[in-house]
Amino acid sequence: MVLDMSPLDLTGRVPDVDETFASPTLDSQRWWPFYTPHWSTRDAAAARWQLGSGGLELRIDADTPPWAPDLDGELRVSHLQTGQHSGPPGSGIGQHRFRRGLTVRQEQPERRLWLVRHGVIEVRLAAIRHPDAMVAFWPIGFEDRPEDCGEICIAEIFGSDLDDDGGWVGVGVKPQNDPRLREDFEKIRVDGDLTDFHDYAVEWTPDQLRFFIDGRWVKTVQQRIDYPVQLMLDVYEFPRAGGIRDSSALPHVLRVQRVRSFPPA
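Cut-offs applied
Residues numbered from 1 in each chain as written. Predicted model: local features only at pLDDT ≥ 70, side-chain atom pairs only at ≥ 80, totals over all residues. Heavy atoms only, no water. Helix = DSSP H or I, 4+ residues; strand = E, 2+ residues; numbered from the N terminus. Contact = heavy atoms within 4.5 Å. Areas by Shrake-Rupley, 256 points an atom, 1.4 Å probe, with all protein chains shown as cover. Polar contact = N/O pair within 3.5 Å; in protein donor to acceptor, adjacent residues only side chain to side chain. Phe/Tyr/Trp six-rings, centres within 6.5 Å; stacked < 30°, edge-to-face > 60°. Lys NZ or Arg CZ within 6 Å of the ring centre and 35° of its normal. Buried < 20%, exposed > 50% of the residue type's maximum accessible area, 1.4 Å probe, protein only.

Peer 1: Explain the overall build of the chain to me, please; I cannot follow it from the model alone.
Peer 2: When helices and strands are counted, the chain shows two helices and 19 strands. With respect to the principal axes defined by its C-alpha atoms, the chain has extents near 50 × 45 × 35 Å. Intrachain contacts of the chain at a sequence separation of at least 6 include 70% that bridge at least 24 residues. For the chain, the accessible area works out to roughly 11600 Å², and carbon and sulfur atoms hold 48% of it.

Put into structure tokens, the structure is as follows:
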């Protein structure tokens, strides 16, 4: 099969949501500022963020606690998502089941905020060049049916993968717990300063996903994902051996200028 490697063409297309973070506070009708809090608590999973003339800043500070230390060690995260679905405490019903045996610890309200099903999803963000940091934009299935949980990874950028000439950006599909999907994910080399702003996008139809960086085609995944996804936007700080943190590098700040979605053409 011949792949369509043409660039992303948004000519004449109008976004249904164009988030530029121009308001003085986060839009609660779009964003839920907690990282899968059902596996932890809202207090531990709360985002650190601020808005300014440059858009959104998601931040990990010196006093940011690990989000779920008994499940995920000393991993710290600052995160926004556009939906929330989980079951009652003690159940195993919840989005992003990242390991076996998880149970809901704190009941959460269901939120169907900014859900997307096909079309184009795009983010403009700046990565962080530090070996402890990673930034990512990875829509996942809303998961009101447990199998509808695949991940569309639009950008996954480890600070350790950046150098003076460019860096590597992870894109593709991860099945998570969707038995109908297979992992089709790879790192794409990108020239230029990835700590400056770049555009990362996917064009998603029922039968395939085409991925783009700065409008340039970089990958096609020919698999079927045909259920709504919620947007997941975050910065991580990974623990070092011995639990020592590089305090001189803090805060780790993910800068985001815009996020937008376009309905199917």
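Continuing now.
Peer 1: Would you mind going over the side chain of Arg-76 with me for this structure?
Peer 2: Mapped onto the elements, Arg-76 comes out in strand β4 (residues 76-81). Among the polar contacts listed, one links the side chain of Arg-76 to the backbone oxygen of Thr-64, at a separation of 2.6 Å. One polar contact links the side chain of Arg-76 to the main-chain carbonyl oxygen of Glu-74, over a distance of 3.2 Å. For Arg-76, the residues in contact, after removing those within four places along its chain, are Ile-60, Thr-64, Pro-65, Pro-66, Val-235, Tyr-236, Glu-237 and Arg-245.

Peer 1: Can you help me understand the packing of aromatic side chains in this one?
Peer 2: What characterises a pair of aromatic rings is the spacing of the ring centres plus the angle enclosed by the ring planes. For the coordinates displayed, the defined rule picks out eight aromatic pairs. Judged by centre distance (5.8 Å) and plane angle (55°), the rings of Trp-67 and Phe-98 are tilted. Of this pair, Trp-67 sits in the loop between β3 (55-60) and α2 (69-72) while Phe-98 is found in the loop between β5 (83-84) and β6 (111-112), placing the two residues 31 residues apart along the sequence. Three or more aromatic residues joined by ring pairs make a cluster, and in this case those are Tyr-35, Trp-67, Phe-98, Phe-158, Tyr-236 and Phe-238. The aromatic ring of Phe-185 is capped on one face by Lys-174, whose charged end is 4.4 Å from the ring centroid.

Peer 1: Help me understand unusual backbone geometry in this model?
Peer 2: Backbone phi values are negative for most residues with the exception of glycine, while trans is the configuration of most peptide bonds. Cis peptide bonds are those with omega within 30 degrees of zero, and the linkage from Leu-250 to Pro-251 qualifies with 0°. For Phe-21, which is not glycine, the phi torsion reads 55° and is therefore positive. Here Phe-21 lies in the loop between β1 (17-19) and α1 (42-45). For Phe-21, a relative accessible area of 3% corresponds to the buried category.

Peer 1: Which parts of the structure should I look at to understand the environment of Ala-249?
Peer 2: For Ala-249, the location among the structural elements is in the loop between β18 (232-237) and β19 (252-262). Its relative accessible area of 24% is what places Ala-249 among the partly exposed residues. Along the backbone, Ala-249 and His-130 are 119 residues apart, and their C-alpha atoms lie at a distance of 7.9 Å.

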